[in-house]
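Secondary and tertiary structure notes
The chain contents come next:
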Amino acid sequence: FLVYRGQGLPEKDFEKLQKTKNGLFSFNSFVSTSREKDVAHIFAESNSTRPGMVGILFKMFVDTSLSSIPFADIEQFSYFQIT
């Protein structure tokens, strides 16, 4: 299934990201995502106004058949409620 993450990156990190081979990127910690692109876009956009930061929207495909990548749907426990 498809999820999105909106966040801010320092400009230097964004430049490095643009140079990555085949656009691959890894996260080494828990990543909060949304199935709603508009929700993630709000987070990306809110960071784009900060000096030295770039708002970025990640689009990620989750393959549930890969048992080495744990994930959990915590929507019912989230502080942010989707209406």
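What this report covers is the structure whose coordinates are included nearby. Only a predicted model underlies this, so the values are computations on that prediction, with no experimental measurement involved.

**Considering the overall build of the protein chain**
- In terms of helices and strands, the protein chain carries two helices and two strands.
- Its helices and strands taken in sequence order, the protein chain reads β-α-α-β from the N to the C terminus.
- Seen through its principal axes, the protein chain has C-alpha atoms that stretch 35 × 30 × 20 Å.
- Among the 83 residues that make up the protein chain, the fraction classed as buried is 19%.
- A fraction of 82% describes how many contacts in the protein chain between residues 6 or more apart in sequence connect residues 24 or more apart.
- Positive and negative charge centroids in the protein chain, built from 9 and 9 side chains respectively, lie 9 Å apart.

**Re the packing of aromatic side chains**
- If you walk through the whole model with that rule in mind, you get zero aromatic pairs.
- The cationic tip of R35 hangs over the ring face of F1; the distance from NZ or CZ to the ring centre is 4.8 Å.

**Considering the environment of S48**
- In this fold, S48 is placed in helix α2 (residues 37-48).
- Between the C-alpha atoms of S48 and V3, which are 45 residues apart in sequence, the distance is 20 Å.
- When sequence neighbours within four positions are dropped, the list of residues in contact with S48 reads M53 and G55.

**What to know about the environment of I42**
- Structurally, I42 is set in helix α2.
- Given a relative accessible area of 56%, I42 falls into the exposed group.
- Remark: the alpha-carbon pair of I42 and E11, spanning 31 residues in sequence, is separated by 19 Å.

Conventions and cut-offs
- Residues numbered from 1 in each chain as written.
- Predicted model: local features only at pLDDT ≥ 70, side-chain atom pairs only at ≥ 80, totals over all residues.
- Heavy atoms only, no water.
- Helix = DSSP H or I, 4+ residues; strand = E, 2+ residues; numbered from the N terminus.
- Buried < 20%, exposed > 50% of the residue type's maximum accessible area, 1.4 Å probe, protein only.
- Contact = heavy atoms within 4.5 Å.
- Lys, Arg positive; Asp, Glu negative; His and termini not counted.
- Charge placed at Lys NZ, Arg CZ, Asp CG, Glu CD.
- Phe/Tyr/Trp six-rings, centres within 6.5 Å; stacked < 30°, edge-to-face > 60°.
- Lys NZ or Arg CZ within 6 Å of the ring centre and 35° of its normal.

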